[in-house]
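Observations on chain architecture
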Amino acid sequence: MDKIKNEEYIVIDICGLSGSGKSTLIRGLKDLANDDYHVVTSYTTRKVRVHDKNDKYTHVFVSESFWKISKKKSLATYTSPDGSYHSWTDITSFRKDKINLYAIDPEGHNKFIENIKKKNLNIKVLNVYLEINEKEQMKRLKLRGENNTSIFLNEEHLKIEKINDRENTIRFNVMSRNIDELVFNLDKIIKEKLKKGE
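Residues numbered from 1 in each chain as written. Predicted model: local features only at pLDDT ≥ 70, side-chain atom pairs only at ≥ 80, totals over all residues. Heavy atoms only, no water.

1. Examining the sheet that holds strand β3 (residues 42-44)
What counts is decided by this rule: A pair of strands is labelled paired if DSSP reports no fewer than 2 bridges between them. Helix numbering and strand numbering both begin at the N terminus, where a helix is a DSSP run of H or I of at least 4 residues and a strand a DSSP run of E of at least 2. Under this scheme, a helix contributes an axis fitted over its contacting stretch, all axes are lines through C-alpha atoms, and angles between N-to-C directions fall in the 0 to 180 degree range.
With respect to topology, four strands assemble into an open sheet ordered β4-β3-β6-β5, the strand pairing being mixed. Both edges of this open sheet fall to β4 (59-61) and β5 (76-79), since each of them pairs with a single strand only. Put simply, the sheet's adjacent strands are angled 20 degrees from each other on average, direction ignored. Across three bridges, the pairing between β3 and β4 is parallel. Looking across to β4, one finds that S42 is bridged to H59.

Here it is as structure tokens:
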């Protein structure tokens with residue numbers, strides 16, 4: 001892809017249930033086309049998921065005190081349903097010369113769009129929602145090392161219905177176990193959409 005020359009940030013924010021493959025696909029896209037993509041790392045106060053090899057790829061693990069001094073600059077913030085941790089990004093997490101890949105939850109996506117408008121930022125966002133059925137989700141969570149998968153059964157806050165502008169969301173089925181094929185197809189969809197200016 002030609003190097004991005006304009007002044008706007010281009011962000012592909014990727015939403016989905018736990019275990020749907022957000023971090024895996026982001027890493028795959030970066031590996032496929034390193035010169036095109038930048039991985040946005042979110043700050044988080046939660047602990048590292050020991051069995052999730054991609055967790056450190058998309059997160060920077062920080063203290064609660066760092067959150068308190070950083071939250072005013074946040075563009076998108078997520079607080080876990082039980083309030084035990086926060087995840088967020090600020091403008092320094094993004095690059096203008098690359099397509100930014102950003103793993104985010106629906107609530108964070110909505111706040112991100114709201115803050116872009118409120119702060120009049122030159123950021124173009126393309127939202128991708130990873131679709132997976134419950135059976136496959138549970139299999140992947142077990143492979144990730146999650147012992148108590150029942151806590152992931154009612155992730156209402158991560159469902160596509162929580163995305164305010166879902167009519168503009170790309171719904172991407174991730175049921176295939178062929179990661180290379182999924183990455184190739186998602187890369188193609190993203191670049192076609194950006195080429196059309198959507």
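Now that the structure has been shown, the text picks up again.
2. Comments concerning helix α4 (residues 106-118)
Cut-off, in case you're wondering: By definition here, a helix of n residues has an expected span of 1.5 Å times n minus one. The cut-offs for exposure are 20% and 50% of the maximum accessible area for each residue type, with area from a 1.4 Å probe on protein chains only; residues under the lower value are buried, those over the upper are exposed, and the others partly exposed. The contact definition used throughout considers only heavy atoms, calling two residues in contact when any of these lie within 4.5 Å. In protein, a polar contact means a hydrogen-donor-capable atom and an acceptor-capable atom, both N or O and within 3.5 Å, with residues adjacent in sequence counting only if both atoms are side-chain atoms; elsewhere, any N or O pair within 3.5 Å suffices.
Between its first and last C-alpha atoms α4 spans 18 Å; for 13 residues at 1.5 Å apiece the expected length is 18 Å, and the two agree. The complete set of buried residues in α4 reads P106, G108, H109, N110, F112, I113, N115 and I116. Contact partners of the buried residues in α4: β1 (9-16), β5, β7 (99-103) and β8 (123-131). At the N-terminal end of α4, a side-chain oxygen is found 3.0 Å from the backbone nitrogen of E107, two or three residues along, and the residue is D105. N120, located one to two residues past α4, shows a positive phi value of around 50 degrees.

3. Describing the sheet that holds β8
Strands sit in the order β2-β7-β1-β8-β9 across an open sheet of five strands; the sheet is parallel. Only two strands of the sheet have a single partner each, and these edge strands are β2 (37-39) and β9 (170-173). When the angles between neighbouring strand axes are averaged without regard to direction, this sheet yields 30 degrees. Bridging between β8 and β9 involves four bridges; their strand directions are parallel. Bridging across to β9, Y129 finds its partner in R171. Its contacts with the sheet put α4 on β1, β7 and β8, and the angle it makes with β8 is roughly 170 degrees. Along the sheet, helix α6 (residues 179-196) contacts β1, β2, β7, β8 and β9; its crossing angle with β9, the most-contacted strand, is approximately 165 degrees.

4. Some details on the pattern of salt bridges
This is how the line gets drawn: Definition used for salt bridges: Asp or Glu carboxyl oxygen within 4 Å of a side-chain nitrogen of Lys or Arg.
The tally for this structure, following the rule as stated, stands at 10 salt bridges. Residue E136 is joined to R140 by a salt bridge in which the shortest nitrogen-to-oxygen separation is 3.0 Å. Pair noted here: E136 and R140 are both in helix α5 (residues 134-143), with a separation of four residues, about one helical turn. One exposure class covers both E136 and R140, and it is buried. Among the salt bridges present, the one from R144 reaches E146, with a minimum N-O distance of 3.1 Å. Classification of R144 as buried rests on a relative accessible area of 14%. Shared partners join several salt bridges into a network, and the residues in it are D36, D187 and K191.

5. Observations regarding the confidence of the model for the chain
To keep things clear, this is the line we draw: pLDDT runs from 0 to 100 and stands for how confident the predictor is about each residue.
Of all residues in the chain, 96% have pLDDT values of 70 or greater, and the mean over the chain is 90. Overall, residues 1-5 carries pLDDT values under 50, and its contacts beyond four positions in sequence, including any with other chains, amount to 10 contacts.

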